[in-house]
Amino acid sequence: MGSVTVLVSDASLMGCQLLADALRKSDQRFDVVACAINSRQIVEAAGEHEPDVAVISLNLKDGPFAGLKALRELRGSHPTVCSVMLLEQCERGLVVDSFRGGARGVFCRTASFEALCKCIERVHQGQIWASSTELQIILTAFANAVPLRATTRQGESLLTRREGQVVNLVAQGLTNREISRELNLSEHTVKNYLFRIFDKLGVSGRVELVIHGTTAPPSPRPDTPNLSKIRKR
């Protein structure tokens, strides 16, 4: 298996270099292709290098919480890049905002470097990464979330029948590859469906779609979210 290409970011160049050097020297096969210290550099570096994973610090040189802004911009301009949000502390609002912004993993700096390496690997493999505490935050948000409406005020569905099938399979925890096999579609077509669904429903990504739920048309399979697809470290 080839190396995982990684973009790293931090509030200082020294912080970026330290993290990049550590990843390069780890037992895992990481190829750090770029370092960035502000939100603009993150988006530009993603466009130039097309990394597999972007590790985004919450605080960047252009300000506290600038990482959330970069995360949202990155999802809009380079949706194929998987993002990991680096948090100083596991705060409920930041965890929820990170996933809503499009992060595939949330990692607290108080955890070990070995855990960060596993996080990057799992996210690259298409999994969601969250600690026990962060998973509890997600589940609480799930329980308290107001369901999304997939219909207009006139009662007409916003989603096509096929889009509804995709939503229901996402809710069951299936990956793009599994959805493509289930519906006999290419993975590229599934990604296109998901981007249209996110746009129609006004959500940032898969996690927010599952957290809020929707009134999508029924599918032959039960609409029960498969929480085993969210890896707990």
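Higher on the page you've got the structure.
Residues take numbers from 1 onward in each chain, read along the sequence in its written order. Local features in a predicted model are, by the rule used here, given only for residues with pLDDT of at least 70; side-chain atom pairs are given and counted only at 80 or more, and totals for whole chains, interfaces and linings are based on all residues. Heavy atoms throughout the structure, all of them, feed into the side-chain values; hydrogens and water do not.

Colleague: Mind laying out the pattern of salt bridges, listing which residues take part and the relevant values?
Modeller: Between Lys or Arg on one side and Asp or Glu on the other, a salt bridge is scored when a side-chain nitrogen of the former is within 4 Å of a carboxyl oxygen of the latter. Within this structure, the stated rule accounts for nine salt bridges. Among the ionic pairs, Arg 109 bridges to Asp 10, the shortest N-O distance being 3.5 Å. Separated by 99 residues along the polypeptide, Arg 109 in the loop between β5 (105–108) and α5 (113–124) and Asp 10 in the loop between β1 (4–9) and α1 (13–25) bring together distant segments of the chain. Burial status follows relative accessibility: with a 1.4 Å probe on protein chains alone, a residue under 20% of its type maximum counts as buried, one over 50% as exposed, and anything between as partly exposed. Accessibility expressed as a relative area gives 32% for Arg 109, which makes it partly exposed. Taking relative accessible area as the criterion, Asp 10 reaches 14% and is therefore assigned buried. Between Glu 44 and Arg 40 there is a salt bridge, with the nearest N and O atoms lying 3.1 Å from each other. Of this pair, Glu 44 and Arg 40 are both found in helix α2 (residues 39–49), four residues apart, which corresponds to roughly one turn of the helix. Glu 44 sits in the partly exposed class, given a relative accessible area of 45%. Several salt bridges share partner residues, and in doing so they unite Asp 10, Glu 88 and Arg 109 into one network. Numbered from the N terminus, helices here are DSSP runs of H or I no shorter than four residues, and strands are runs of E no shorter than two.

Colleague: Give a detailed account of the nonpolar core, specifying residues and quantitative values.
Modeller: The nonpolar core is taken to be a set of buried Ala, Val, Leu, Ile, Met, Phe, Trp, Tyr and Cys residues, with the residues joined through side-chain atoms within 4.5 Å. Formed by 28 residues in total, the largest nonpolar core has its most connected members in Leu 7, Ile 42, Ile 56, Leu 74, Met 85, Leu 87 and Phe 99. Mapped by element, the contributors of at least two residues to this core are β2 (30–36), α2, β3 (53–57), α3 (66–77), β4 (82–87), α4 (92–100), β6 (128–130) and α6 (132–144). Among the elements that line this core, the one with the most residues is α3, at five residues. Once you skip the residues sitting within four places of it in the chain, Ile 56 turns out to touch Ser 9, Ile 42, Gly 67, Leu 71, Leu 74, Ser 83, Val 84, Met 85 and Leu 86. Counting 21 residues, the second-largest nonpolar core is a separate cluster that includes Phe 30, Cys 82, Val 84 and Phe 107. By the convention used here, residues are in contact when the closest approach between their heavy atoms is within 4.5 Å.

Colleague: So what's going on with the environment of Ser 131? Which residues, and what values?
Modeller: On the secondary structure map, Ser 131 appears in the loop between β6 and α6. As a C-alpha pair, Ser 131 and Ala 111 span 20 residues in sequence and 9.6 Å in three-dimensional space.

Colleague: How would you explain the packing of α2 against α3 if you had to name every residue and give the values?
Modeller: Interaxial angles span 0 to 180 degrees and are taken between N-to-C directions of axes, which are lines fitted to C-alpha atoms, for helices over the stretch in contact. It is at 9 Å that the axes of α2 and α3 come closest, and there the two elements cross at 25°. What the angle tells us is that α2 and α3 run roughly parallel. Handedness of the α2/α3 crossing: right-handed. On the side of α2, the interface is formed by Ser 39, Ile 42, Val 43 and Ala 46, while α3 contributes Ala 66, Lys 69, Ala 70, Glu 73, Leu 74 and Ser 77. Residue classes follow a fixed rule: Ala, Val, Leu, Ile, Met, Phe, Trp, Tyr, Cys and Pro count as nonpolar, while Asp, Glu, Lys and Arg count as charged, and any other residue, Gly among them, counts as polar. Its residues placed into classes, the contact of α2 with α3 shows six nonpolar, two polar and two charged. Angles below 35 degrees are treated as roughly parallel, those above 145 as roughly antiparallel, those between 65 and 115 as roughly perpendicular, and all remaining angles as oblique. Throughout, a crossing is termed right-handed when the near helix is turned clockwise from the far one, and left-handed when it is turned anticlockwise from it by less than a right angle.

Colleague: With reference to specific residues and values, describe helix α9 (residues 187–201).
Modeller: Its 15 residues give α9 an end-to-end C-alpha distance of 21 Å, which sits within 8% of 21 Å, the value for a rise of 1.5 Å per residue. Among the residues making up α9, those that are buried are Val 190, Tyr 193, Leu 194, Ile 197, Phe 198 and Leu 201. Projected down its long axis, α9 carries its buried residues within an arc of 135°, all on one side. Counted as exposed and oriented over 90 degrees from the buried face of α9: His 188 and Asp 199. Take the residue count of a helix, subtract one, and multiply by 1.5 Å to get its expected span. Comment: arc refers to directions from the helix axis out to C-beta atoms.

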